[in-house]
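One-letter residues, chain by chain:
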Amino acid sequence: MKIKKVLLRNFRRLEDVEIGFENEETVFVGPNNSGKTSATTAFRLFLGRQEFKIHDFSVSKIAAINAFGAVDDADEGILPSIQMDLWFSIDPDIEFGRVFSLIPNDLTSLEEVGVRLEYCVKDARKLKSEYLSAFPSVKGGTPQKSLSHYLSLQGNLNRHFALGYFAIENTETETLTHPLDPDEGRRVLLSLIRVDFVDAQRNIDDYEVGRSNRLSTAFAAFYRKNLQQAEISEAANRVIDENNENLNRHYDAHFKALLEVIRNLGVPSINDRQMRIVSSLSPEAALQGNTSLLYIDPTLNHELPEAYNGLGFKNLVYMAIQISHFHLQWMNTENKRPLCQIIFIEEPEVHLHAQVQQTFISSIWEIMRKASKDAGEIHMVPQLGITTHSSHIVDAIEFRKVRYFRRCVLSGEDPGKAITFNASKVLSLRDFKPQKSSAEGAIENKQETLDFLERYLKLTHCDLFFADAAVLVEGTVEKLLLPQMIDKSAQGLKSKYLTVLEVGGAYAHRFASLLEFLGIPYLVITDLDSVDPFNKRKTCRADMEGAVSSNASLAFFLNKSKVSELSNLKPREQVLADDSCFVAFQKPTPVKGHDPNTPMLGRTFEETFIYQNMQIFRDNNIGLGTDLPHDQDFEKEYTAVFEATKSSSFKKAEFALDIASLTADWVIPQYIGDGLRWLEDKTCARTEVETA
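Computed from a predicted structure; not experimentally measured.

1. Looking at the overall build of the protein chain
Phase 1: Scanning the protein chain from N- to C-terminus turns up 24 helices and 25 strands.
Phase 2: The 692 residues of the protein chain split such that 52% are buried.
Phase 3: Here the contacts in the protein chain between residues at least 6 apart in sequence split such that 71% fall between residues at least 24 apart.
Phase 4: Within the structure as shown, the protein chain displays about 32300 Å² of accessible surface, and the carbon and sulfur contribution to it stands at 48%.

2. What to know about helix 4 (residues 124-134)
Because each turn of an α-helix spans 3.6 residues, side chains separated by three or four positions in sequence point in the same direction.
Phase 1: Listing the buried residues of helix 4 in full gives Leu-127, Lys-128 and Tyr-131. Each buried residue of helix 4 lies within a common arc of 95° when the element is viewed along its axis, so the set occupies one face.
Phase 2: On its buried face, helix 4 is in contact with helix 2 (59-70), strand 5 (112-121), helix 5 (147-152), helix 6 (156-160) and strand 6 (161-170).
Phase 3: At the N-terminal boundary of helix 4, the capping side chain belongs to Asp-123, with an oxygen 3.1 Å from the backbone nitrogen of Arg-125.

3. Quick notes on the pairing of strand 5
Phase 1: The buried fraction of strand 5 amounts to seven of the 10 residues, a majority that puts the element mostly inside the structure.
Phase 2: In the sheet, strand 4 (residues 82-89) pairs with strand 5 via eight bridges, with the strands oriented antiparallel. Counterpart to Ile-82 in the pairing with strand 5 is Tyr-119.
Phase 3: Two elements, strand 5 and strand 6, share eight bridges in a ladder whose sense is antiparallel. In the sheet register, Val-115 faces strand 6, and the bridge partner there is Ala-167.

4. What about the sheet that holds strand 24 (residues 581-584)?
Phase 1: With mixed pairing, five strands are arranged side by side in an open sheet as 18-17-19-24-23. The open sheet has two free edges, formed respectively by strand 18 (498-502) and strand 23 (575-576), since each of these has just one partner strand.
Phase 2: Relative to strand 19 (residues 522-525), strand 17 (residues 469-473) runs parallel, the two being bridged by four bridges. Residue pairing for strand 19: Val-471 is matched across the bridge by Leu-523.
Phase 3: Against the sheet, helix 16 (residues 476-489) touches strand 17, strand 18 and strand 19, its axis set at about 155° to strand 18.

5. A few points about the nonpolar core
Phase 1: Counting residues in hydrophobic clusters, the biggest one holds 111 residues, and the most contacted among them are Phe-465, Phe-557 and Leu-676.
Phase 2: Top contributing element to this core by residue count: helix 13 (residues 354-374), with seven residues.
Phase 3: Not counting residues up to four positions away in its chain, the partners in contact with Phe-465 are Val-29, Gly-30, Pro-31, Val-394, Phe-399, Tyr-404, Leu-429, Leu-457 and Leu-518.
Phase 4: If you look at the next biggest cluster of nonpolar residues, it comprises 58 residues, including Val-6, Leu-79, Phe-88 and Tyr-131.

6. Concerning the packing of aromatic side chains
Phase 1: In this structure the tally under the stated criterion is 30 aromatic pairs.
Phase 2: Ring geometry for Phe-452 versus Tyr-456: centroids 6.0 Å apart, planes at 40°, classification tilted. Of this pair, Phe-452 and Tyr-456 both sit in helix 15 (residues 446-459), four residues apart, roughly one helical turn.
Phase 3: Using a relative accessible area of 12% as the deciding quantity, one classes Phe-452 as buried.
Phase 4: Ring centres of Phe-452 and Tyr-507 lie 5.1 Å apart, and the angle between their planes is 15°; on these two criteria the pair is classed as stacked.

7. Brief notes about the pattern of salt bridges
Phase 1: Applying the stated criterion to the full structure yields 30 salt bridges.
Phase 2: Ionic pairing is found between Glu-654 and Lys-651, a salt bridge with its closest N-O pair at 3.9 Å.
Phase 3: For Glu-654, a relative accessible area of 45% translates into the label partly exposed.
Phase 4: Here the salt bridges do not stand alone but share partners, grouping Glu-22, Glu-24, Glu-25, Glu-398, Arg-400, Lys-401, Arg-403 and Arg-430 into one network.

8. Concerning the environment of Ile-342
Phase 1: Mapped onto the elements of the fold, Ile-342 is located in strand 12 (residues 340-346).
Phase 2: Each C-alpha atom of the pair Ile-342 and Arg-194 lies 6.5 Å from the other, and the pair is 148 residues apart in sequence.
Phase 3: Setting aside anything within four residues of it in sequence, one finds Ile-342 in contact with Ile-3, Phe-21, Ile-193, Arg-194, Val-195, Asp-196, Gln-383, Leu-384 and Gly-385.

9. Some thoughts on the sheet that holds strand 3 (residues 25-29)
Phase 1: One open sheet holds the six strands; their spatial order is 8-12-13-3-14-16, and the pairing between them is mixed. Looking at which strands have only one partner, the edges of the open sheet turn out to be strand 8 (193-198) and strand 16 (423-428). Across the sheet, the axes of successive neighbouring strands diverge by a mean angle of 20°, strand direction being ignored.
Phase 2: Bridge count between strand 3 and strand 14 (residues 402-408): three bridges; the pairing is parallel. Counted as the bridge partner of Val-27 is Val-402 from strand 14.
Phase 3: Docked against the sheet, helix 13 engages strand 3, strand 12 and strand 13 (383-387), running at close to 155° with respect to strand 13.

10. Structural notes on the pairing of strand 16
Phase 1: Counting buried residues in strand 16 gives five out of six residues, a clear majority hidden from the surface.
Phase 2: Of the strand pairs in this sheet, strand 14 and strand 16 are connected by six bridges, and their pairing is antiparallel. By the bridge assignment, Arg-406 is partnered in strand 16 with Lys-425.

11. Structural notes on the confidence of the model for the protein chain
Phase 1: On average, residues of the protein chain carry a pLDDT of 84, and 84% of them reach 70 or more.
Phase 2: When pLDDT is averaged over each element of the protein chain, strand 2 (residues 14-20) comes out on top at 97 and strand 25 (residues 687-688) at the bottom at 52.
Phase 3: Ignoring residues within four places in sequence, the model shows residues 206-211, a span with pLDDT below 50, making six contacts including any to other chains.

12. Considering the environment of Thr-40
Phase 1: Its location among the elements puts Thr-40 in helix 1 (residues 36-47).
Phase 2: Separated by 306 residues in the primary sequence, Thr-40 and Glu-346 place their C-alpha atoms 8.8 Å from one another.
Phase 3: When residues no more than four places from it in sequence are discounted, the contact partners of Thr-40 are Phe-28, Phe-197, Phe-344 and Thr-387.
Phase 4: A distance of 2.9 Å separates a polar side-chain atom of Thr-40 from the backbone oxygen of Thr-37.

13. A word on helix 7 (residues 182-192)
Phase 1: The complete set of buried residues in helix 7 reads Gly-185, Val-188, Leu-189, Ser-191 and Leu-192. Across the axial projection of helix 7, the buried residues extend over an arc of 160°, all falling on one side. Along helix 7, the residues that are exposed and aim more than 90 degrees away from the buried face are Asp-183 and Leu-190.
Phase 2: Capping of helix 7 at its N-terminal end is provided by Asp-181; its side-chain oxygen lies 3.0 Å from the backbone amide nitrogen of Asp-183.

Quick notes on the rules
Residues numbered from 1 in each chain as written. Predicted model: local features only at pLDDT ≥ 70, side-chain atom pairs only at ≥ 80, totals over all residues. Heavy atoms only, no water. Helix = DSSP H or I, 4+ residues; strand = E, 2+ residues; numbered from the N terminus. Buried < 20%, exposed > 50% of the residue type's maximum accessible area, 1.4 Å probe, protein only. Contact = heavy atoms within 4.5 Å. Areas by Shrake-Rupley, 256 points an atom, 1.4 Å probe, with all protein chains shown as cover. Arc of directions from axis to C-beta. Polar contact = N/O pair within 3.5 Å; in protein donor to acceptor, adjacent residues only side chain to side chain. Pairing = 2+ DSSP bridges. Axes fitted to C-alpha atoms, helices over the stretch in contact; angles between N-to-C directions. Core = buried A, V, L, I, M, F, W, Y, C linked by side-chain atoms within 4.5 Å. Phe/Tyr/Trp six-rings, centres within 6.5 Å; stacked < 30°, edge-to-face > 60°. Salt bridge = Lys/Arg side-chain N within 4 Å of Asp/Glu carboxyl O. pLDDT = per-residue confidence, 0-100.

Spelled out as structure tokens, the structure:
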């Protein structure tokens, strides 16, 4: 059995979402405050029997709760509930008995079964009565405090609300529910799934008393619950008398397998000290606060205590212990062992360097598969749910295993008017299929586009899944100068998380479907790349009559190739994809010292940059490789800049570095300023509520 998907309704930011789970690992990604932690917390509350709080209800449901408290008749209005639907894939030949009470009357399909957990009011009339007794209505019939306030007080919510259990089945038109007795529902659920959590390690190296030996404590817990215990009484006294040597040998033998597991993660490395668990007191309290983890240099016979090793080392070891412990506990369950297990790992990248992050998931799988094989239970391998902000971890997994949490407005809100994102959607990359990926008339190859995106995201350690917005640039120069251009024209973007993708004009359009699928606003900064259609499409000045653009992205986004048509577009005509994309490219530029009614039009960023900062280049021979004509003749300057920037000897990277180090106050090209200000307006007009 495997957990197939979960549906959550009215829970925090997750108003109505479906999260599909892979048979192996499923990775939750998204910007901060997008609901990743809320998804795992839902499992804690529904399956871990922890207490709900009033703020676990979605923001949109608080108004409904208060409205119920404001009406006179308790029969009027409906109190919202929080729901979790769990769907499991099953093998009916093996698991039929466990899921019998969840099987619908229609036996046409036994490939999946579902159970709904609903946190709902037990007795609405009683709740209303006790609420009004606590906060009687004032003059005019309005209660002194809202019902949500009453339910936020200690104990009130969980006194009036409880979990209900239902077997569920999908028909062609609806989902049918069949109530289960609460005790039966809990029993069935416990027999189906075990859920464990490895939380992010924030205080693993805290020097406060009791915290600096956290790994020792973890080894202690693992020993007590999973390994054979040492004999005590007389043997214990001998251990003390012999300076704990016997007990040390005992630990060496029984921790050998676990330490081997940890070594398979790459720690300690060949140049690190070895780890050893040693007894530090009596066997009566052995491994219960009286053992220590030491780091040993066998060559020098020198020992260091636990607190003297690095945070990343400790975090990795701690996670290995926890995951091994949870897995062994599941496999060693003797009575009605749950049919499946899922382990949620929160932000495993904490304190880990990039290389370890990239190999973390594969290393964890090796640990668990080996443990299953050693136990003779090769099918007993849990599912993993991983929340992360690490592009390195995302690099190491298959595209289809990513679940992207996207912030959005509440259901029913007008996206054009709402300024706060209070909700989230969950998108499965398994469902992503590139839509149109080529310009009109070009050969369409959607699979090639998908393959390209997967390779690009892996090769560049792309942080796209964690960004507020994306900027797709033509080349190195734009990327190097982008921070300064933002500082000069759109400072609001400095407080946003931008991902900058250097993709070139030939590939920017391939990102369109993915960015629109994810709902990430994006700015494309590209070049006209003018060519002469009458002379073997050779590079030409952009103002040449009949010139066309060779840029595939402009053809894709704007469905135009004539430079004369492109250069006459208004900024509002460059906003595409339901106001989620702006395509910026060179436009005619008035040049200082020349008639403003006779502009110059560059075909590349470098050429246009020079036109808009012509006086700087007249005064300084920087990055251009040639001096400009001294007489400031319009045609001569135009041609000189064009020829210099299109030359094979023109060094773009050096040009960018020269510009970045200029003390003179340069201006950014107008077309880029237009795009950055659009992106600033798009991203800075909204806020997000601080909810995990």
